Amino acid sequence: MKNVYDFTVKDRQGNEVSLSDYKGKVLLIVNTATGCGFTPHYEPLEAMYRDLRDKGFEILDFPCNQFANQAPGSEDEIHQFCKMKFGTEFPQFAKIDVNGDSAEPLFAYLATEKKFEGFGKGLKNAALNKFADMNNRKYGDKAYIKWNFTKFLVDRMGTVVARFEPTTDMADVRKAVEELLG
């Protein structure tokens, strides 16, 4: 059976990285953007990383510009922004696509393992859903990810156990990570 350890991705410099390098760790895999309304998620992500990495936790950050062009910079520009503004230390990989024919295979896999179940209730979430649907219409059945800062939680065996949309409270994400770490 396939799991995240079967995938290879590119780091910011374009080098191949096997996700099997992360075997035995709890992973939170996130598609990000520096110009998004959810960009402040970097702050609780970094806090979680600082607090939990010694317990076997890693965050894998994949910038993506497919949502309203909210990550237009180069890998280096994005990395510098994240380090300077949020002090991020977790691994940041090459900018990727998460939807369409050019979607990073890892994200296509993650999204088929844990499908989109909605942004939640409320006016703000309904508005985001409408905007995301308009943005993603061009990808048809390959619109795997609905918006920036979608997070996938992976257990120590490489199995995808949860999907968190950007509208999920970060305290709930942290709680799920802590439960998985034991």
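These figures come from a predicted structure and were not determined experimentally.

Moving on, we get to the overall build of the protein chain. A count of helical and extended segments in the protein chain gives five helices and six strands. In sequence order, the secondary structure elements of the protein chain are arranged as β-β-β-α-β-α-α-α-β-β-α. On C-alpha atoms alone, the protein chain measures out to a radius of gyration of 15 Å, which is about the 16 Å that the 2.2 N^0.38 rule sets for 182 residues. Taken along its principal axes, the extent of the C-alpha atoms in the protein chain is 40 × 35 × 35 Å. Per-residue burial over the protein chain gives 52% buried out of 182 residues.

Turning next to the packing of aromatic side chains. Across all of its chains, the model carries 12 aromatic pairs by this definition. Summarising the aromatic geometry, the rings of F81 and F86 are spaced 6.1 Å apart at their centres and angled 70° between planes, so their arrangement reads as edge-to-face. The exposure class assigned to F81 is partly exposed, which follows from its relative accessible area of 28%. Given the relative accessible area of 15%, F86 is considered buried. Residues F116 and F119 carry aromatic rings whose centres are separated by 5.0 Å and whose planes lie at 70° to one another, so their mutual orientation is edge-to-face. For F116, a relative accessible area of 25% corresponds to the partly exposed category. One aromatic cluster in this structure is built from Y42, Y49, F81, F86, F90 and F149.

All right, on to unusual backbone geometry then. One non-glycine residue, A68, adopts positive backbone phi at about 55°. Inspection of the secondary structure assignment puts A68 in the loop between β4 (57-63) and α2 (75-86). Not every positive phi belongs to a glycine, and F149 is a case in point at roughly 65°. Turning to its location among the elements, F149 is positioned in the loop between α4 (123-136) and β5 (151-154).

On to the environment of G87. Among the secondary structure elements, G87 is positioned in the loop between α2 and α3 (105-113). In this structure G87 comes out as partly exposed when scored by relative accessible area, which is 30%. Distance from G87 to K55, taken between C-alpha atoms, is 20 Å for residues 32 residues apart in sequence. Residue contacts for G87: discarding those within four places in its chain leaves E46 and C82.

Among the five residues that make up strand β6 (residues 160-164), four are buried, leaving the element largely enclosed by the rest of the structure. Two strands pair when backbone bridges link them, and β5 and β6 are joined in this way by four bridges, in the antiparallel orientation. Following the sheet pairing, L153 is matched in β6 by A162. Counted between consecutive antiparallel strands, the loop separating β5 from β6 contains five residues, among which G158 sits at a positive phi close to 90°.

Conventions adopted
Residues numbered from 1 in each chain as written. Predicted model: local features only at pLDDT ≥ 70, side-chain atom pairs only at ≥ 80, totals over all residues. Heavy atoms only, no water. Helix = DSSP H or I, 4+ residues; strand = E, 2+ residues; numbered from the N terminus. Rg over C-alpha atoms; globule rule 2.2 N^0.38 Å. Buried < 20%, exposed > 50% of the residue type's maximum accessible area, 1.4 Å probe, protein only. Phe/Tyr/Trp six-rings, centres within 6.5 Å; stacked < 30°, edge-to-face > 60°. Contact = heavy atoms within 4.5 Å. Pairing = 2+ DSSP bridges.

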